[in-house]
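Here's the letter readout for the chains.
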Amino acid sequence: MASKTLWIAVAVVVVVVVAAIAALVYKPSAPAAPTTSSAPSASTSTTQATPTSTTAASVKTVTIGALLPLTGSLQFMGVSGQCAIQLAVQDANQMFASKGIQFQLVVQDSACDPTAALQKLQTLYSQGIRFVAGLTCSSELSAVKNFAEQNHILITSISTSPLLAVPKPYIFRLPPTDNAQAKVLAALYHMLGIKRVVIVYRADAWGQGLTQAIINETKKYGIQVVGAFGYDPSPSAMPAAEQAAVQKASAALGTPGPDAAFEIISFDQDGAAVVQAAMNDPVLSKVRWFGTDSNVYGTAIMQAGGQALAAAKFMGAVASPNPDDPHYLHFANEFKKFCGHAPTGYDPYYYDTAMIIMEAIAETGSTDPTVINSVLEQWGKNGTYVGATGPVYFDQYHDRQYASYLIVGVVIVNGTPTWINAGFYNGTTGQITVFPQGQALFSS
Amino acid sequence: MFNMYDFLNNVVIPAIVYSNIYALASIGLTMTYITTKIPSFAHGDLAAVGAYATFYFLYFLFGGIKPGSVYLAMPIAALAGAAVAYLSYIGVFKPMIRRGASVTVLMIASFGLHFLIFGILAILDSIAQTVYGWSTRNYSFSTGEVQIPGLTQSEVTAITSSVVLLLILAALYYLLNRTKFGVVMRASIDNAPLARALGIDVERVYAISWLIIGAVTGIAGIYMGMIFPVTEELGWLRLPLIFVAVIVGGLSSIYGGVIGGYIVGWSMVLGFNYILNPLNLPPEYQLAIPFAIVIATLLLAPQGIAGLIAARRRT
Amino acid sequence: MIRDVLAKTVALVIALVVVGALAFASPLPKDVRVLLQNIEVYIAIYGIYVISLNLEVGYLGLPQFGKVMFLLIGAIAVGGIATKLVLLIYQNAIFKAMGAYPLAKISDYCMYYQYSVTSLVNQMLAQNPALGLGYFLFGVALAMVLSAGLGVLFAYPAIRLREDYLGILLLVSGEFLRVVTYYATPVACGVNGAVIPDPFAWALGETRTLVYFIATSAFLIATFLVFDAIGNSPFGRALRAIRDSETAAAVFGKDIVKFRIRVLAFASAFAGLAGALLAYYFDYTILGTYLPIYTFIGWTMLILGGLGNNVGAIVGVVVYYIVQTLLDIYKNSLQAVLHADPTYLAYAIFGLAIILVLMYRPQGIVPEKPVKTIDLNKVRERIQRKIK
């Protein structure tokens, strides 16, 4: 009797050993094999197949990883981000072909779950991957922080949570923290003579952080946030939470007026539900509306209530160096061709998370994460890297420092509501310049 | 101050829409339960299959979702759902039942089936996205609803979903009570060994019921897609509440499933409007309210709501 | 039977020592070893979780669909309560360094200062390993006590409700608890998640993983020993009797209510233990992620391995992790063959693998065996032999 169970236990050990050996056997083949066999078939490139195969012998292949929420509540960000990162890899292979470097991408699904994120990062590590782009949720970043630091894995993330504004070697965050955006919004309120603001926000780390930042920043101008109401953003059983938050916001604001404003801290899809609820509200439909970098340029929010957005003179701020920045325009163009839809929210940041790593590797010729870490620190000081989101400066915590924002709004053009570039916030001077086409939005 | 318009807009219309969605989804799961005894985790994926069949049909035919067009696609959604449900019965559950798999094993197999269907759908979507440039995720069928002047989209959906639910119920009633197949099927459900002894091919009956399960759930997928953003997880994310509806409905007849759907739908909307808001609890707790109601119901009425109804009928 | 349980436990210890040696002291390349080390810790933690689930599902037939609740309780005990206790102990030192008491304004602490406070605390804990150990054991014990308490609470409906209703009640209760605790910031820092001081802050790098491997393995061995002894004891036989026929068991004088209360309390306590270990190991926890999927994953591991025996429970966990990890590593090679999105392809194959295993082994990889007590006939034979 006992012997049988012993055999089973022994079998378990054998299976584990076999698995370990399988992993071991796989390892050496990882960097070598893909150059010839699987590179042309990878989803990253279809057109570059010919130059790759001819120069295969002298080409050095570098595999980078991407850890994205491809399932779960943030799937919409992850899928779009995956496309942006694939585009970056394709671009990099075109740009750096002359340097004899070929990039490959391995994508893992983190599901925005910190447990899964760490496990997948460890899997990537075991495959010899030392550069991982696109980490999305701040909870994931918190979970992988120590592992990345200890094992020297360079990670670029799009998390914006102020909680992670701490020293974090090997981790870089591409979007500016929420405080920068809050500064712009507060300046914008002040310029338009707004004294009372009511906020509806996604109740996640991002929404809460930005809300808190706006409350802090508006105090400096004597603007009062009369209420902030969150809604559960998980794609749950009932999307009525946005509506309830809007109702509460309406009650908190009480009376409309030129000194009142409604701030929508949402992404695109959930923002659509907020807009639909607010456009029929007797109070909120009579005040100015503001958005964030994650819902301006959105398609769902525009589809849900473009007319209402135009009527409410909806404006939001997107970190951008220059209204007609050729880098962004180029990216937007390419992205549309490659992914089939216009980039929204964080897509340009996803692109840059991958591109900045690949550019650093190509420029230095090093694949040592410690070297690349110091290169990025240096680049961050000088703004050497210029990507889809403009020149990238990092502060001492490896967080994006970039204070200039484009102010984007909705106006009616030829009868259809359209996103326009209404103004520009200069981070160094704190001045807002209004563009001619944006005059209507800034008039009272 | 009681505002009739607000009450209608904020309570009645959403409650009807949610109830109909959960009722449609519950019919299928109840049938799965009373025929093959599987609490299937892959049930939500049948709804996603229906939604994606609709999407691809409309895009290949019209290149987009036009007003009213989802009703053209409804037979396609039903067919696709039925096909996948049939295949999952023939390919997975039937052989396993033959090998004497227990209910829990079938349930975990359905969990595997969920990953399989989800994965295949997601692969197809990724291909369609790259090949045709369609954004295959996070779209909504609300633009495909018929437009009736003077009515908002959710009012129209409340009406159409009710009509569809009633039509399906009528069809099922006719099938089960007025046709020979219905007699055979009810016999197989009530007493499978006896039915087998009488020469009824019970497995064939089950296979046909799986066709019906898939068809109804595929249609439910279209209505889910009018309220929730469509992804491959459209049904999976709502599965806990579908289970609640089915269990509350009593697991005995498909009409119980409909009652369960209505109880879930109304308790969510009422609990949300009349418990959460007056108590001034933060809106983040929205999901907790329906759950609390279900917990309270189960604790106070251990036989489920349908049990209460059955008890009253008996007395 | 005792011999049998001991033999199995010894086999488990040997297996753990072998894989531990492979992961920590072998000539394998470092990146492979790092992966193995971490997977072994996960397997040990999930092993505890699934063994405790097995007592409820496999032995008693309880439809435990709220299992993730106890992982959540473990996370709250560690990230919500034990962490705050450590902050209280060190609050004066923190005040000196940062000019504020961490718990004075909890929302600011959660949103801005968690990392700076925790790195201070970790420095101090590194100087004081004894306190670290005390803090570790406190969190673990608290998780077990709270979970046992919650488990007993569910004994009340477990007696009254029909099986299906009980399953749904447990599932829904788990979701209820998750939503409520997640959005209540003071519990464990809500949407920001709680950063947890490391009880073994003195151990760095690979040593830390080794400490956790030893700690989790020790807990796994203890759990296995206790649960297997229970499963093969008269208590375990009574549970199986209740599972197979409640009425018959009641007729034979088994107090079903008492059995259910004990099982729920006991199994829940160990699931809470697994939750606490998970939280400590990650030194971070966010309550919103404790979704029902973790219950289903536990069930899948259990059914794959084989319901109703603890060896099967561990085998299920191991197989699950091996399949998942191999798929993650090899999916890009698969893509070259099948030309499909590798991530989703991995999901599809994973689902197919579950179905195939169950189709060919509906009883699981290690099927349940008859209870390990001596057959009455054998006893008679032996007696007769002795008489002769």
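**Examining the nonpolar core**
Here is step 1: Judged by nonpolar contacts, the single largest core of 359 residues is most densely connected at Phe103 and Ile155 of chain A together with Phe141 of chain B.
Here is step 2: Both of domain 1 (58-158 + 346-401) and domain 2 (179-321 + 404-442) of chain A provide at least three residues apiece to this core.
Here is step 3: By size, the runner-up hydrophobic cluster in this structure holds 35 residues, among which are Val246, Val283, Leu284 and Ala308 of chain A.

**Some points on the pattern of salt bridges**
Residues and elements named next belong to chain A.
Here is step 1: Here the structure, examined in full by the defined rule, presents 18 salt bridges over all chains.
Here is step 2: Lys168 is paired through a salt bridge with Asp399; the nearest N and O atoms lie 2.8 Å apart. Of this pair, Lys168 sits in the loop between β4 (154-157) and β5 (171-176) while Asp399 sits in strand β14 (residues 399-401), and the two are 231 residues apart along the sequence.
Here is step 3: By relative accessible area, Lys168 is classed as buried at 2%.
Here is step 4: Here the salt bridges do not stand alone but share partners, grouping Lys168, Arg173 and Asp399 into one network.

**Considering the domain arrangement of chain A**
All names here are of chain A.
Here is step 1: Entries for chain A in the domain assignment read domain 1 (58-158 + 346-401) and domain 2 (179-321 + 404-442).
Here is step 2: Between the C-alpha centres of domain 1 and domain 2 the distance comes to 30 Å.
Here is step 3: Counting residues at the interface gives 10 residues for domain 1, matched by 10 residues for domain 2.
Here is step 4: When the area that domain 1 buries against domain 2 is broken down by residue, the three leading residues are Phe76, Tyr346 and Tyr349, summing to 52%.
Here is step 5: Joining domain 1 to domain 2, the criterion identifies zero salt bridges.
Here is step 6: Put simply, domain 1 and domain 2 have one residue pair in polar contact (both at pLDDT 80 or more) between them.

**Quick look at the pairing of strand β16 (residues 416-426) of chain A**
Residues and elements named next belong to chain A.
Here is step 1: With nine bridges joining them, strand β15 (residues 405-413) and β16 adopt antiparallel strand pairing. Pairing of Val410 across the sheet is with Trp419, part of β16.
Here is step 2: As consecutive antiparallel partners, β15 and β16 are separated by two residues, and within that stretch Asn414 has a phi angle of approximately 50°, a positive value.
Here is step 3: Two strands pair when backbone bridges link them, and β16 and strand β17 (residues 431-434) are joined in this way by four bridges, in the antiparallel orientation. Among the inter-strand pairings, Gly423 is bridged to a residue of β17, identified as Val434.
Here is step 4: Where β16 folds back on β17, the antiparallel hairpin that results is connected by four residues, among which Gly430 adopts a positive phi of roughly 75°.

**Some details on the side chain of Asp109 of chain A**
Here is step 1: As for its placement among the helices and strands, Asp109 of chain A is situated in strand β2 (residues 101-109).
Here is step 2: No salt bridge is formed by the buried Asp109 of chain A, whose closest oppositely charged neighbour, Lys120 of chain A, lies at an N-O distance of 5.8 Å.
Here is step 3: Here the side chain of Asp109 of chain A touches Leu70 of chain A through a polar contact of 2.8 Å, landing on its backbone nitrogen.
Here is step 4: Among the polar contacts listed, one links the side chain of Asp109 of chain A to the side chain of Tyr347 of chain C, at a separation of 2.4 Å.
Here is step 5: In this structure Asp109 of chain A touches Leu68, Pro69, Leu70, Thr71 and Lys120 of chain A together with Thr343 and Tyr347 of chain C, once residues within four positions along its chain are discounted.

About the thresholds
- Within every chain, residues take consecutive numbers counted from 1 along the sequence as written.
- Both sets of labels track the order of writing: A upward for chains, 1 upward for ligands.
- Whole-chain, interface and lining totals are the exception, using all residues; otherwise, since this is a predicted model, local features are given only for residues with pLDDT of at least 70 and side-chain atom pairs are given and counted only at 80 or more.
- As a rule here, side-chain values come from all non-hydrogen atoms in the structure, and water together with hydrogens is ignored.
- Only buried residues count toward a nonpolar core, which is a set of Ala, Val, Leu, Ile, Met, Phe, Trp, Tyr and Cys residues joined through side-chain atoms within 4.5 Å.
- Exposed residues in this analysis have more than 50% of their type's maximum accessible area, buried residues have under 20%, and partly exposed residues fall in between, with area computed by a 1.4 Å probe over protein chains only.
- Domain extents, as shown, originate in an automatic or database domain assignment.
- Each salt bridge in this description consists of a side-chain nitrogen of Lys or Arg and a carboxyl oxygen of Asp or Glu lying within 4 Å of one another.
- Strands here are runs of E lasting at least two residues and helices are runs of H or I lasting at least four, both read from the DSSP assignment and numbered beginning at the N terminus.
- Working rule for contacts: check all heavy atoms of both residues, and any pair within 4.5 Å makes them a contact.
- Buried area is a sum: the accessible area each of two parts loses on coming together, probed at 1.4 Å, counted once for each and added.
- Polar contacts, as counted here, are pairs of nitrogen or oxygen atoms within 3.5 Å of one another; within protein the pair requires one atom able to donate a hydrogen and one able to accept it, and residues that are adjacent in sequence qualify only if both atoms are side-chain atoms.
- We treat two strands as partners when DSSP finds at least two bridges between them.
- Charged residues are defined narrowly, with Lys and Arg counted positive, Asp and Glu counted negative, and His plus the chain ends left uncounted.

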